[in-house]
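A look at the structure
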Amino acid sequence: MSASMENDWKHWRLRREDTGLAWLDLDKADASANVLSSEVMSEFARVLDALDAAPPKALVIASAKPAGFIAGADIEEFSRLDSVLAARMLVERGWLLFNRLAAVPYPTLALIRGHCMGGGLELALACRYRIVVDEPGTKLALPEVMLGIVPGWGGMLRLPALIGPAAALDLMLTGKSVDAKKAKRLGLADDCVPARVMESAARIVALGGKPARKLPVQERATRWAMNGPLRKMVADKARAQAARKVSRANYPAPFAIVDIWEKYGGNALDVPASDPSSLDTIFTSPTARNLVRVFHLQERLKAFGKDSEFAPRHVHVVGAGVMGGDIAAVCALRGMTVTLQDQSVERIAPAIARAAKLFERRHKGDARQVRFTLDRLIPDPQGQGVARADLIIEAIFENLEVKRSLFADLEARARPDAVLATNTSSLRLEDIATALKDPSRLVGIHFFNPVPMLPLVEVVQGEATDAEVLRRATGFVRRIDKLPLPVKSAPGFLVNAVLGPYMLEALRCVEEGVAPETVDAALVAFGMPMGPVELVDTVGLDIAVAAGRALAGEGAEPPARLLKLVAEGKLGRKSGEGYYRWVEGKALKGAGEGRAPGGLLARLLKGVPGRQGPAASPPIPPGLAERVLAPLLAATQRCVEQGVVADADLADAGVIFGAGFAPHTGGPLHHAGSLVRYT
Ligand code: NAI
């Protein structure tokens with residue numbers, strides 16, 4: 001390609017071809033990923049000045065980073081905003097700059113390979129065309145809502161105009177991403193091409209000046225109607241969708257997005273300060289600050305395991321029950337070879353069937369990928385995989401003697417460098433470890449149920465656990481894309497130790513005559529993804545009794561009604577009845593409430609706001625939620641004091657990502673601190 005360089009910019013590189021086409025690459029200095037910092041944005045304005053002075057025939061904007069197109073705005077800068085005025089200025093700068101890009105007289109095209117998020121997608125939307133590269137890493141999203149803010153740099157204007165408001169609001173309210181093929185299908189991208197032809201495809205579309213894809217007349221008519229006469233109907237539907245998941249009081253941003261699209265042409269700057277959708281409201285509510293805090297907490301968890309190169313190729317899992325089966329499936333999904341052992345093939349078969357369903361969902365019906373993943377998950381009733389595995393995870397019955405003899409056998413057969421891990425919830429790691437010749441080899445890797453949905457994994461350090469073994473276990477947890485939380489061996493570790501007293505207090509309220517529905521509604525209104533009584537039913541009443549005894553110590557009697565239900569065989573969801581009756585996996589609740597949480601827990605734990613109580617809940621006695629939460633807050637504090645987790649921030653992170661604690665509060669200890677500060 002004949003090209004000439006111009007400028008001395010730090011982050012942008014402009015090349016001009018003899019054809020008249022200009023290529024603009026973003027390569028943010030001293031960073032592995034492109035983010036739109038103030039400096040990158042102001043330099044972009046200077047790039048546009050240079051292009052104004054000598055307009056190209058067409059412009060292609062791309063990234064010079066292997067990490068992707070643009071990861072979004074600079075969250076660090078955003079975290080430092082200290083006034084509504086500063087926030088307004090940040091929104092205004094991006095809004096005006098991208099309007100300027102959208103108005104240039106020459107054709108513009110964004111060539112998108114890898115992540116294209118938030119402000120990065122808003123930049124791409126301001127181009128006339130978008131081409132996406134068909135690779136698994138290509139993902140497009142407007143995830144601002146997850147940080148409690150709105151896509152204010154033109155996303156609320158241009159995405160609905162481009163792909164229709166229903167699809168656009170769905171993307172903006174959930175923050176979910178779409179891959180390259182879906183982007184093309186939605187009309188978000190004009191074309192989806194393999195990497196090897198991306199540059200020629202970009203050249204042809206940009207210079208040809210014609211969209212590669214034209215919408216059918218009928219689709220255009222529908223979009224026109226939805227952007228016009230049916231606007232209110234679409235907005236109301238989106239509002240109802242948001243209200244089913246969150247309350248406006250706790251999460252103003254999704255409602256603001258709908259309002260700003262419907263009433264203000266997608267321009268957040270036009271909303272009067274007094275309006276509940278204004279930037280003032282959004283930036284002064286604690287939610288945005290707290291969700292940014294949650295984002296940083298998540299980054300902190302992700303950083304654990306960075307100091308380990310350990311990337312097991314072969315994992316052996318013993319126990320193909322609820323936990324072992326799913327742990328094995330998740331490892332296979334991440335490309336590892338997994339041998340799954342149980343007492344017989346019959347016991348392994350249900351785990352494989354469950355895994356097949358998971359793979360179909362995750363691979364979106366791509367039969368080849370499903371088959372490859374299934375091929376990596378090998379039933380192994382004889383335990384032949386033990387001798388080859390890099391990592392062995394035990395997930396058999398919670399019985400000390402059986403676990404001890406299993407580990408003695410595993411140690412004898414495993415490779416000397418293999419990591420030995422237990423998924424035990426309630427047994428002392430030290431009691432299991434002494435069955436080994438070398439107790440320092442044992443580490444706890446404690447998953448949560450359901451494994452595919454819950455992001456947190458506690459990595460448990462026993463008294464004898466070797467530091468390198470701990471590092472490797474942590475590294476493994478990152479390799480399967482979970483969030484590792486280092487904890488010390490102590491009853492219930494962190495998450496169960498705080499959930500136990502919380503659930504117990506909820507059951508005490510029921511014991512005193514408060515309806516389970518009312519207790520649950522109070523906590524759901526607070527922002528928990530599921531009420532505590534429903535949680536007891538979901539965990540299983542027998543497990544709750546055993547865990548309660550283990551945590552509270554012998555002599556602490558569980559509530560009488562709990563014992564009675566267990567004696568009657570009413571164990572909760574799994575037996576069809578507990579505190580609630582269960583039909584098709586859903587709790588039947590009294591009139592006026594009872595929307596079952598469905599898959600929302602998973603979504604919440606990925607950082608999307610949690611679910612709130614339905615509007616028509618029964619009256620909730622004042623102070624009920626606070627009463628049930630108090631033992632949870634105290635237990636979290638205790639875990640910090642006793643060194644179960646290293647500090648208060650990690651405790652908050654664990655309780656948010658492991659127990660679904662209302663993210664808009666920033667975590668239990670942060671929440672307790674703000675109560676003290678503001679009352
Ligand atoms: P489960 O009862 O569903 O599965 C246990 C499996 O282990 C059964 O299939 C059984 O046949 C097999 N098994 C027992 N002894 C064996 C042996 N010697 N060799 C091979 N297989 C053997 O149990 P679940 O719920 O999966 O729990 C397993 C472990 O995970 C326990 O330590 C539990 O404390 C822990 N855990 C459980 C959680 C849950 O919510 N169920 C959450 C986190 C940890």
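How each quantity is defined
- Residues numbered from 1 in each chain as written.
- Predicted model: local features only at pLDDT ≥ 70, side-chain atom pairs only at ≥ 80, totals over all residues.
- Heavy atoms only, no water.
- Helix = DSSP H or I, 4+ residues; strand = E, 2+ residues; numbered from the N terminus.
- Contact = heavy atoms within 4.5 Å.
- Near = heavy atom within 4 Å.
- Polar contact = N/O pair within 3.5 Å; in protein donor to acceptor, adjacent residues only side chain to side chain.
- Areas by Shrake-Rupley, 256 points an atom, 1.4 Å probe, with all protein chains shown as cover.
- Axes fitted to C-alpha atoms, helices over the stretch in contact; angles between N-to-C directions.
- Parallel < 35°, antiparallel > 145°, perpendicular 65-115°, else oblique.
- Left-handed = near helix turned anticlockwise from the far one by under 90°.
- Core = buried A, V, L, I, M, F, W, Y, C linked by side-chain atoms within 4.5 Å.
- Buried < 20%, exposed > 50% of the residue type's maximum accessible area, 1.4 Å probe, protein only.
- Phe/Tyr/Trp six-rings, centres within 6.5 Å; stacked < 30°, edge-to-face > 60°.
- Lys NZ or Arg CZ within 6 Å of the ring centre and 35° of its normal.
- Pairing = 2+ DSSP bridges.
- Expected span 1.5 Å × (residues − 1).
- Arc of directions from axis to C-beta.
- Salt bridge = Lys/Arg side-chain N within 4 Å of Asp/Glu carboxyl O.

Quick look at the environment of Pro143
Structurally, Pro143 is set in the loop between strand S11 (139-141) and helix H5 (155-163). In the structure, Pro143 is positioned 58 residues away from Leu85 in sequence and 23 Å away in space, judged by C-alpha atoms. For Pro143, the residues in contact, after removing those within four places along its chain, are Met117, Gly118 and Gly175.

Focus on the site of the ligand
Near the ligand you find 19 residues, and of these Met323, Asp342, Arg347, Glu398 and Lys403 are the closest. With respect to the ligand, the backbone of Met323 contributes an N or O atom lying 2.8 Å from an oxygen atom. Between the ligand and Arg347 there is a distance of 2.9 Å, counted from an oxygen atom to a side-chain nitrogen or oxygen. Protein burial of the ligand: of its 820 Å² of free accessible surface, 80% is covered by the chains.

Concerning the packing of helix H6 (residues 165-174) against helix H10 (residues 231-245)
Angle between the axes and distance between the axes are the two parameters that describe a pair of packed helices. Running from N to C, H6 and H10 cross one another at 25 degrees; their axes reach a closest spacing of 10 Å. Classified by the angle their axes make, H6 and H10 are roughly parallel. When you trace H6 past H10, the crossing you get is right-handed. Contacts between H6 and H10 involve Pro165, Ala166, Leu169, Asp170, Leu173 and Thr174 from the first element and Val234, Ala238, Gln241, Ala242 and Lys245 from the second.

What to know about the nonpolar core
Among the nonpolar cores identified, the biggest contains 84 residues, and Trp12, Phe44, Ile61, Val150 and Leu188 are the most heavily contacted of them. Excluding residues within four positions of it along the chain, Phe44 makes contact with Trp12, Leu24, Ile61, Leu97, Phe98, Leu101 and Leu123. Counting 76 residues, the second-largest nonpolar core is a separate cluster that includes Phe493, Val495, Leu633 and Phe661.

Quick notes on the packing of aromatic side chains
Summed over the entire model, instances satisfying the criterion amount to four aromatic pairs. Look at Phe526 and Phe661: their rings are 5.7 Å apart centre to centre, the planes differ by 70 degrees, and that puts the pair in the edge-to-face class. Within this pair, whereas Phe526 is found in helix H21 (residues 516-526), its partner Phe661 is found in the loop between helix H27 (648-659) and helix H28 (668-678), the two being separated by 135 residues in sequence. Taking NZ or CZ as reference, Arg231 lies 4.4 Å from the ring centre of Trp261, over its face.

Focus on the sheet that holds strand S17 (residues 391-394)
Across the sheet, eight strands lie side by side as S16-S15-S14-S17-S18-S19-S20-S21; this open sheet has mixed pairing. The open sheet has two edge strands, strand S16 (377-379) and strand S21 (483-488), and neither has a second partner. The mean inter-strand angle of the sheet, taken between neighbouring strand axes irrespective of direction, is 25 degrees. Examined bridge by bridge, strand S20 (residues 456-461) and S21 share six bridges and lie parallel to one another. Within S21, the residue paired with Val460 across the bridge is Val487. Packed on one face of the sheet, helix H13 (residues 286-303) meets S20 and S21 and runs near 75 degrees to S21.

Things to note about helix H17 (residues 400-413)
Along an α-helix, residues three or four apart share an orientation, since each turn contains 3.6 residues. Its 14 residues place the ends of H17 20 Å apart at the C-alpha level, agreeing with the 20 Å of an ideal helix rising 1.5 Å per residue. Taken residue by residue, H17 has Lys403, Leu406, Phe407, Leu410 and Glu411 as its buried positions. Take H17 and look down its axis: the buried residues cluster within an arc of 135 degrees, on one side only. In H17, those exposed residues whose orientation departs by more than 90 degrees from the buried face are Glu401 and Ala412. Considering only its buried residues, H17 is in contact with strand S14 (314-318), S17, strand S18 (419-422), helix H18 (429-433) and strand S19 (442-446). N-cap assignment for H17: the residue whose side-chain oxygen lies 3.1 Å from the backbone N of Glu401 is Asn399.

Overview of the packing of helix H26 (residues 624-641) against H27
In the contact formed by H26 and H27, the axes pass within 9 Å of each other and the chain directions differ by 135 degrees. Taken together, the axis directions place H26 and H27 in an arrangement best described as oblique. Taken as a pair, H26 and H27 cross one another with a handedness that is right-handed. Here Leu632, Thr636 and Val640 of H26 come into contact with H27, specifically with Ala648, Ala651 and Val655.

Some points on the pattern of salt bridges
Across all of its chains, the model carries 43 salt bridges by this definition. Arg413 is the salt-bridge partner of Asp409, the closest N and O atoms lying 3.2 Å from each other. With Asp409 and Arg413 both in helix H17 and four residues apart, the pair spans about one turn of that helix. Owing to a relative accessible area of 35%, Asp409 belongs among the partly exposed residues under this scheme.

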